[in-house]
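# Examination of the molecular architecture
In case you want the letters, here they are:
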Amino acid sequence: GQVVLTRAEDQSRYGDMAALKSKKVGVQIGTTGAEFAGKQGVEVKTYNTAALAIIDLANGQLDAVIVDKPVADYYAHRKPEFAKKLAAAGEP
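Source: prediction; values computed, not measured.

## A closer look at the packing of aromatic side chains
- Under the defined criterion, the tally for this structure stands at 2 aromatic pairs.
- With a centroid separation of 5.3 Å and 85 degrees between ring planes, the pair formed by Tyr-74 and Tyr-75 is classed as edge-to-face.
- By relative accessible area, Tyr-74 is classed as partly exposed at 37%.
- Every member of this aromatic cluster is reached through a ring pair, and the members are Tyr-74, Tyr-75 and Phe-82.

Encoded structure:
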């Protein structure tokens, strides 16, 4: 399933899509996350890869990224440069 990936300090603020209304959300082009985000009333920024969106999230240029849960878990827990800096918010 899809989850919202945020900076760790914002995890409690963005527990669901309603909290992201009017916020800037990154998605990978051509994914179900991109299709879903387009219908949620958020400002959507598209990327060729999820990794590029996640880099912008970590750098403070996005409020959240919508990605598959395994991808979110990898970046939030295993990728050294992002571990403990990012967190999945809410449920898939």
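## So, the pairing of strand 3 (residues 43-47)
- Where strand 2 (residues 24-28) meets strand 3, 5 bridges bridge the pair, whose relative direction is parallel. Counterpart to Gly-26 in the pairing with strand 3 is Lys-45.
- Running through helix 1 (residues 32-37), the crossover from strand 2 to the neighbouring parallel element strand 3 is right-handed.

## Here's the deal with the environment of Tyr-75
- Looking at where Tyr-75 falls in the secondary structure, it is placed in helix 3 (residues 69-78).
- Exposure remark for Tyr-75: the relative accessible area of 11% places this residue in the buried category.
- C-alpha of Tyr-75 to C-alpha of Ala-88: the two residues are 13 residues apart in sequence and 9.5 Å apart in space.
- Here Tyr-75 is in contact with Ala-51, Ile-54, Phe-82, Ala-83 and Leu-86, once residues within four sequence places are set aside.

Scoring rules and cut-offs
Here the residue numbers are simple positions, counted from 1 along each chain's written sequence. Selection of residues for local features in this predicted model requires a pLDDT of at least 70, selection of side-chain atom pairs for listing and counting requires 80 or more, and totals for whole chains, interfaces and linings are taken over all residues. The side-chain quantities take in all heavy atoms of the structure and omit both hydrogens and water. Any pair of Phe, Tyr and Trp rings, taking the six-membered ring for Trp, is counted once the centres come within 6.5 Å. Such a pair is stacked with planes under 30 degrees apart, edge-to-face with planes over 60 apart, and tilted for the rest. Any residue under 20% of the maximum accessible area for its type is buried, any over 50% is exposed, and the rest in between are partly exposed; the area is computed with a 1.4 Å probe on protein chains only. A strand pair is defined by DSSP finding two or more bridges across the two strands. Runs of H or I in DSSP of at least four residues are treated as helices and runs of E of at least two as strands, each being numbered from the N terminus. With the strands aimed away from the viewer, a crossover counts as right-handed if its path from the first strand over the helix to the second runs clockwise. Whether two residues are in contact is decided by their heavy atoms, any of which lying within 4.5 Å being enough.

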